[in-house]
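In case you want the letters, here they are:
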Amino acid sequence: MTLINELQTLKEFQCEDRCVLSVYLNTHPGDPNQLNGGWRLHLKNGFKRIGEYLSASGDESELKAFKKINDKVVKEIEGNQNDLSKGVVIFASTDPELWSVHYVQVPVKTSFHWENHPVLEEMEYMYKAYPEAGVVLPSFGEVRILDTAMGSVKDELIYNFDPNLEVWGE
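The model shown is predicted, which means the values in this text are computed figures rather than measured ones.

Some details on the sheet that holds strand β8 (residues 167–169)
Here 4 strands make up an open sheet; going across it, the order is β5-β6-β7-β8 and the pairing antiparallel. If you trace the sheet from one side to the other, it starts and ends with β5 (133–139) and β8, each paired once. Each neighbouring strand pair of the sheet contributes to a mean axis angle of 20°, computed without reference to strand direction. One ladder, built from 7 bridges, connects β5 with strand β6 (residues 142–149); its direction is antiparallel.

Below, the structure written as structure tokens:
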């Protein structure tokens, strides 16, 4: 599924009560605020604030759903901590089921949202700033085509010219 289709699907997602966690986490290793894994502290503090807010509201079912999603998100990020680039964007919900994870190569401002729908404004902004694009790199006897989106290469095709047959081949 392309990113634009996934964004459209996420826009249509809705639940009656607050049940959707939207996480935007800056993991850029070159950012001075992220030295020595500073993203771990931001992740812990963001979840702690939402947990405190839900505890104060007194809605036990909402707090239980949040804790379940919280554990799943932490496992996902810690399980892929060697693959973290500049940022992680996660949309998650337990009922109805939603799980959408994006490891992005573009700058992300850390924020956490617990709403009845995915908070997509920042993701849409990133997509507009770094849209899907194709890059064609011609050279003598070879053409390389790169399929990119959000600052990362999704696919690469290489075509070579055969001078004996005078045809291009993949």
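Now, onward.
Remarks on the packing of aromatic side chains
In this structure the tally under the stated criterion is 5 aromatic pairs. A centroid spacing of 5.4 Å and a plane angle of 65° characterise the contact between F47 and F112, whose relative ring orientation is edge-to-face. Taken as a pair, F47 in helix α2 (residues 38–57) and F112 in strand β4 (residues 111–115) lie far apart in primary sequence, 65 residues in all. When the centroid spacing of 5.4 Å and the interplanar angle of 80° are considered together, the rings of F66 and W114 count as edge-to-face. With F66 in helix α3 (residues 60–79) and W114 in strand β4, this residue pair connects regions lying 48 residues apart in the sequence. Residue classification places W114 among the buried residues on the basis of a relative accessible area of 6%. Feature note: the residues F47, F66, F112 and W114 constitute an aromatic cluster, connected by ring pairs. For the cation-ring pair, K72 lies above W99, with the distance from its terminal atom to the ring centre recorded as 4.5 Å.

Scoring rules and cut-offs
Residues numbered from 1 in each chain as written. Predicted model: local features only at pLDDT ≥ 70, side-chain atom pairs only at ≥ 80, totals over all residues. Heavy atoms only, no water. Pairing = 2+ DSSP bridges. Helix = DSSP H or I, 4+ residues; strand = E, 2+ residues; numbered from the N terminus. Axes fitted to C-alpha atoms, helices over the stretch in contact; angles between N-to-C directions. Phe/Tyr/Trp six-rings, centres within 6.5 Å; stacked < 30°, edge-to-face > 60°. Buried < 20%, exposed > 50% of the residue type's maximum accessible area, 1.4 Å probe, protein only. Lys NZ or Arg CZ within 6 Å of the ring centre and 35° of its normal.

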